[in-house]
Amino acid sequence: MNTNRLSPTLEKALSDQMNKEILASHTFLSYGIWADDKGYQGIANFLYRHSQEERNHSIKFMEYVLNRGGKPKVDAIPAPPKDPESLTECFDGVFKHEVDNTTSIYQIVDMSLAEKDWATWNFMQWFVQEQIEEETLASNLIDKLKIAGGDRATDESLFTLDKTLQEAPDDAPLAQEATGANP
Ligand code: FEO
């Protein structure tokens, strides 16, 4: 008896997304190594933690496809992008990667809606929320670097930025959780 409750199209899309999350993990790992090598250990640590989070996302997709009776396929992962030339390029790269990933997540939401696959639609809502958080986190990185002086930041302000990111929480606060007293 066929127990697969995913359409072949959605099974493939979810499996492809599992692989994209692994690519995101490799990309942030590679950026982290670049930052570490440049002496920004706090920024590297932030990127390593983010890399691990992307791997966890990949496992969520793997587990979901298996739970629905499908079989995800681990593909060859493309090489991560080349090393950035500057912190600005690094943080812009993180932001762009997140925005591209959101597009990919929305495509699966669209597909599940078209197929009326409510289980997958419901599963994907976690990722819709997660992407809001991740885009906010990435855009905060860009803002923090701008405040520090961008590519012309002094060593002292970069030292402070590095230290801040070492200790930064991995999750951005969500608008849904804001109140008047705690905006
Ligand atoms: Fe798994 Fe950053 O999205």
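Residues numbered from 1 in each chain as written. Predicted model: local features only at pLDDT ≥ 70, side-chain atom pairs only at ≥ 80, totals over all residues. Heavy atoms only, no water.

**What about the side chain of serine 86?**
Tracing the backbone shows serine 86 in the loop between α2 (41-67) and α3 (87-115). Among the residues examined, serine 86 registers a relative accessible area of 18% and is labelled buried. A polar side-chain atom of serine 86 sits 3.1 Å from the main-chain amide nitrogen of glutamate 89. The contact partners of serine 86, leaving out residues within four places of it in the chain, are Trp34 and Asp151. (Helix = DSSP H or I, 4+ residues; strand = E, 2+ residues; numbered from the N terminus. Buried < 20%, exposed > 50% of the residue type's maximum accessible area, 1.4 Å probe, protein only. Polar contact = N/O pair within 3.5 Å; in protein donor to acceptor, adjacent residues only side chain to side chain. Contact = heavy atoms within 4.5 Å.)

**Notes on the UniProt feature "binding site: Fe cation" (unreviewed entry) in the chain**
Taking the UniProt record as the reference, the feature "binding site: Fe cation" (unreviewed entry) is found at Glu21, Glu54, His57, Glu98 and Gln131. Separation in sequence by 111 residues is not matched in space for these annotated residues, since their most distant C-alpha atoms are only 12.8 Å apart. Residue position: histidine 57 is located in helix α2. Under the relative-accessibility criterion, histidine 57 is labelled buried at 2%. Not counting chain neighbours up to four residues away, the residues in contact with histidine 57 comprise Glu21, Trp126, Phe127, Glu130 and Glu134. Its location among the elements puts glutamine 131 in helix α4 (residues 118-148). Classification of glutamine 131 as buried rests on a relative accessible area of 1%. Residues in contact with glutamine 131, not counting those within four places in the same chain, are Glu98, Asn101, Thr102 and Ile105. (UniProt positions renumbered as here; feature names shortened; annotations may be inferred.)

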